[in-house]
Amino acid sequence: MQIYLVGGAVRDKLLDIPVKDRDWVVVGATPREMLAQGFKQVGADFPVFLHPQSHEEYALARTERKSGQGYHGFSVYSAPDVSLEDDLRRRDLTINAMAMSEDGTLVDPFHGREDLENRQLRHVSEAFAEDPLRILRAARFAARFHHLGFRVAEDTMALMKQMAADGEVRHLVPERVWQEIQRALHEVTPVTFFDVLRECGAIQDLIPELADNDECFRNAMSALASAAGQELATECRCAALLHGLSTEQVNARTAALKAPNDCRDLSRLVVELAPLAQAPSLSAEQVLEGFNQADAWRRPGRFTLLLQTLACLPEGLDPGTHQRLRDTLEAARSVNVRSLMSQGFKGKALGEAIGLERLRVVSRYFP
Ligand code: ATP
Ligand code: MG
């Protein structure tokens, strides 16, 4: 059997950037031989194995053919006669379809190296169209390497446009879409991901609210760029992206994408409190109401994320007010509930007394 390093590891090596995880392809072997060498099979009927020591993935060379709609509509063929080139042909982009033998020889039948040098994200073959997830992957690599000068190749963009127009994107399951979006939100230039999806028309089937309205899209990108630039958490980036939607739209979109609850909740809070953040001045009552609405008393950490996101919005929270709100919350959180109880307050009266006391503290910062 011959073993080759493949995919992202070869690409990143040639780009001279750190290699995160290494994937290997094994040519000329059977599952039985792999098991005999101590490899552990990953799935019952999928020819992927884990190395006994390194736990890196070793996949038997395979071909894939579309046999139905969606992700599961693939039939996988793997046997000792499947060549390395056959395996590389099923991959998405030429820069991801190179292999390296153990002695460091590059195997590059699809000219990935040339595309790497010319900064082109190009599909390996027309089979690219068989998996619409590749649109999102291409957009994500554009977002990862935009700063290095990479662009989606013209003919690949044309193919992606055709796939989107054919409605292919609608066949993707939400879990796969969210996984790509979540990763894209953390690439170097997440805005590029959405620019590419918009250019090819896929955004219409993924986040139509952003497709319908130029201004909404521009504001979303500006907020997202700011959130990414400050290295904010995933939920902040998601909320920045969705801040121009209505509460109902946020609920529907995050449900459709199966986004995690913390993304949904922060996005909703950002939508609801954006008007406060954009107000020219704030009264103590408004601030207290905002704290209550965001449950800042029990969720101070989330409130911090909320303020960070509101500061990313166009005409959002200015740095002075941002800091003042943080100081105000810290002070108002120290209102001593126990001492009010020992003064005899309880039930509804206790709630009112806490509210009044907090308002008094907030008024010191927002007269
Ligand atoms: P990363 O640095 O994010 O790990 P990667 O290129 O290694 O990037 P993986 O998702 O780890 O990406 O996939 C490994 C390889 O498998 C890719 O380089 C590509 O050749 C191939 N691949 C992964 N997903 C697909 C897909 N949906 N269609 C075609 N090829 C794919
Ligand atoms: Mg990888």
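Residues numbered from 1 in each chain as written. Chains lettered and ligands numbered in written order. Predicted model: local features only at pLDDT ≥ 70, side-chain atom pairs only at ≥ 80, totals over all residues. Heavy atoms only, no water.

Draft legend 1. Looking closely at the pairing of strand E2 (residues 23-27). Buried residues dominate E2, accounting for four of its five residues. Bridge count between strand E1 (residues 2-6) and E2: five bridges; the pairing is antiparallel. Each bridged residue has a counterpart across the sheet, and for Val6 the counterpart in E2 is Asp23. The pairing of E2 with strand E5 (residues 57-60) spans four bridges and is parallel. Residue pairing for E5: Trp24 is matched across the bridge by Tyr58. (Buried < 20%, exposed > 50% of the residue type's maximum accessible area, 1.4 Å probe, protein only. Helix = DSSP H or I, 4+ residues; strand = E, 2+ residues; numbered from the N terminus. Pairing = 2+ DSSP bridges.)

Draft legend 2. Representation of the site of ligand 1 in the model. Arg11, Asn96, Arg134, Arg137 and Arg144 are the nearest of the 15 residues found near ligand 1. Taking Asp131, its side chain carries an N or O atom lying 3.1 Å from a nitrogen atom of ligand 1. The side chain of Arg134 places a nitrogen or oxygen atom 2.7 Å from a nitrogen atom of ligand 1. Compared with its free state, where it exposes 580 Å², ligand 1 has 81% of that area covered by protein. Broken down by secondary-structure element, the contributors of at least two residues to the shell around ligand 1 are helix H1 (8-15) and helix H5 (133-145). The residue inventory of the shell around ligand 1, partitioned by class, reads one nonpolar, three polar and eleven charged. (Near = heavy atom within 4 Å. Polar contact = N/O pair within 3.5 Å; in protein donor to acceptor, adjacent residues only side chain to side chain. Areas by Shrake-Rupley, 256 points an atom, 1.4 Å probe, with all protein chains shown as cover. Nonpolar A, V, L, I, M, F, W, Y, C, P; charged D, E, K, R; others polar.)

Draft legend 3. Focus on unusual backbone geometry. Even without glycine at this site, Asp295 takes up a positive phi of about 55°. With respect to the helices and strands, Asp295 occurs in the loop between helix H15 (284-293) and helix H16 (300-310). With a phi angle near 55°, Glu315 is a residue other than glycine that sits in the positive phi range. Mapped onto the elements, Glu315 comes out in the loop between H16 and helix H17 (319-333). Judged by its relative accessible area of 73%, Glu315 falls in the exposed class.

Draft legend 4. Structural detail: the state of the cysteines. Throughout the structure, instances matching the rule amount to zero disulfides. Here Cys216 stays unpaired: no disulfide links it, and the sulfur of Cys238, its closest cysteine neighbor, is 13 Å away. For Cys216, a relative accessible area of 14% translates into the label buried. Not part of a disulfide, Cys236 finds its nearest cysteine sulfur in Cys312, a span of 7.5 Å. (Disulfide = S-S within 2.5 Å.)

Draft legend 5. Fine view of the side chain of Asn96. Within the secondary structure, Asn96 sits in the loop between helix H3 (84-89) and strand E8 (99-101). Non-local contacts of Asn96, meaning those with residues more than four positions away in its chain, are made with Gly7, Arg11, Arg91, Arg137 and Phe141. (Contact = heavy atoms within 4.5 Å.)

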